[in-house]
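Spelled out, the chains give:
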Amino acid sequence: MFIMTKTVTEILNTKYPLIQGPMAWLTDAKLVAAVCNAGGLGVLGTNAGQNTVTRDATENAERLRHQIHKVKKLTDKDFGVNILTASPDEKIDDDPFMKGFLDVAFEEHLKYYVVVGAPNEAVFQAIKAHDGIIIFRPMTPTIATMVQAEALGADILVATGRDEGGILPAQEYGTFTVVPTMVDAVSIPVLAAGGINDKRGVNAALALGAQGVFIGTRFLATKEAPTAENVKELMIKSTYHDLTQVSASQRSLKTGAAQKLAQDYQQNHDGPKMDEAINALGGLLPAMVKGDVNAGIITSNTGIDLIRDIPTVAELIDRLMVDYKN
Ligand SMILES: Cc1cc2nc3c(=O)[nH]c(=O)nc-3n(C[C@H](O)[C@H](O)[C@H](O)COP(=O)(O)O)c2cc1C
């Protein structure tokens, strides 16, 4: 039997099969709206538009609502929100931060949910009950997780290679091998993530069987991104050899703080301890948002040599997608 499946652009209602990956602190309303207006799907991340930490779940959710209202003023297109799921069977009520995000997104009638972490049935069901579209990205892609997410009703899956920026998958799988492997395992569209910084990356992802791309790091060095201006300038001058592993799951440009973390990590190989130390410094906030470069880490994918300028989001997306034919 021939099954009509929708293409990614049909599911996303976009010009291009491109999603801007949510990035904690760094994907605010201005960036998200610019991505939507340029033909991709923009996605608000956690702490979007903020430069202070809140430990209050209600305040966290209301901050999200404020950003949602801002995006709506800047674009008439749909956009997405990042939902982080810690485990497959965690109940929504057990995580007030996740619940707050979901409630606000439902109240604001958001259509797109980038669920990252575990395929949690309760979360998937809640999103489906609100007619939401689920883009699911396991932190560590495995065939079993992808198959499970498809069975639970995901609309699009994202296969992430260890080339990516942010929190790295807990395996050595690179984008070039993980993408075709996951494409073969499921029948819904798979997007490629990890190290895609120019049109060659996009074309390669499509050649590997991905039906689109999911891009984070490259958007950090755009005019609209809330990344500190000195960090954008530093990124476009940096090379792969300026990166160092600061925990089992995070790499950073060699800032003052990163070099100390890297030294400790090399001596003690205690990944969780290093992740705690990074959190204690404020995660991505001090260096990447506030521009106090030596006070924190600056995460990037492995392809930083390919990032050499600071275009507008529209210029970047046109360049990335120049060879794409619908
Ligand atoms: C600075 C930074 C912060 C990120 N924060 C998040 C996050 O909060 N939630 C999430 O689901 N993914 C996060 N990611 C991952 C991105 O959504 C995306 O999967 C990844 O950037 C794709 O790989 P690339 O960076 O090589 O393009 C982050 C990535 C970066 C670079």
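Small disclaimer: the values here were computed from a predicted structure and weren't measured. (Residues numbered from 1 in each chain as written. Predicted model: local features only at pLDDT ≥ 70, side-chain atom pairs only at ≥ 80, totals over all residues. Heavy atoms only, no water.)

*Asks:* How should I be thinking about the pairing of strand β5 (residues 133-137) in this particular structure?
*Replies:* Two faces belong to every sheet, and in a regular strand the side chains alternate between them. Among the 5 residues that make up β5, 5 are buried, leaving the element largely enclosed by the rest of the structure. The alternating pattern of β5 places I133, I135 and R137 on one face and I134 and F136 on the opposite face, and all of these are buried. Note: strand β4 (residues 112-117) against β5, 5 bridges, orientation parallel. Opposite Y112, over in β5, you have I133 as the bridge partner. Once the chain exits β4 it traverses helix α5 (residues 121-129) before rejoining the sheet at β5, and the crossover so formed is right-handed. Once the chain exits β5 it traverses helix α6 (residues 143-151) before rejoining the sheet at strand β6 (residues 156-160), and the crossover so formed is right-handed. (Buried < 20%, exposed > 50% of the residue type's maximum accessible area, 1.4 Å probe, protein only. Helix = DSSP H or I, 4+ residues; strand = E, 2+ residues; numbered from the N terminus. Pairing = 2+ DSSP bridges. Right-handed = clockwise from strand over helix to strand, strands pointing away.)

*Asks:* I'm lost on the domain arrangement of the protein chain in this one. Help?
*Replies:* Quite often, the size of an interface is put as the accessible area lost when its parts meet. Under the domain assignment used here, the protein chain contains domain 1 (8-223 + 309-320) and domain 2 (239-299). Each side of the interface is counted separately: domain 1 has 14 residues, and domain 2 has 12 residues. Between domain 1 and domain 2, the buried area comes to about 1000 Å², and carbon and sulfur atoms account for 60% of it. Area buried by domain 1 at its contact with domain 2 is led by W25, L26 and L168, which between them contribute 39% of it. Where domain 1 meets domain 2, there are 0 salt bridges. At the surface where domain 1 touches domain 2, the tally comes to 5 residue pairs in polar contact (both at pLDDT 80 or more). (Domains from an automatic or database assignment. Contact = heavy atoms within 4.5 Å. Buried area = accessible area lost by both parts, 1.4 Å probe. Salt bridge = Lys/Arg side-chain N within 4 Å of Asp/Glu carboxyl O. Polar contact = N/O pair within 3.5 Å; in protein donor to acceptor, adjacent residues only side chain to side chain.)

*Asks:* Is there a simple way to explain the site of the ligand in this structure?
*Replies:* Neighbouring residues of the ligand: 21 residues in total, closest P22, N82, G195, G216 and T217. Between the ligand and the protein, one listed contact pairs a nitrogen atom with a side-chain N or O atom of R137 at 3.1 Å. The separation between an oxygen atom of the ligand and a polar main-chain atom of G165 is 3.1 Å. With the chains in place, 95% of the 590 Å² that the ligand exposes on its own is no longer accessible. Elements represented by at least two residues in the shell around the ligand include exactly β3 (80-85) and β8 (212-215). (Near = heavy atom within 4 Å. Areas by Shrake-Rupley, 256 points an atom, 1.4 Å probe, with all protein chains shown as cover.)

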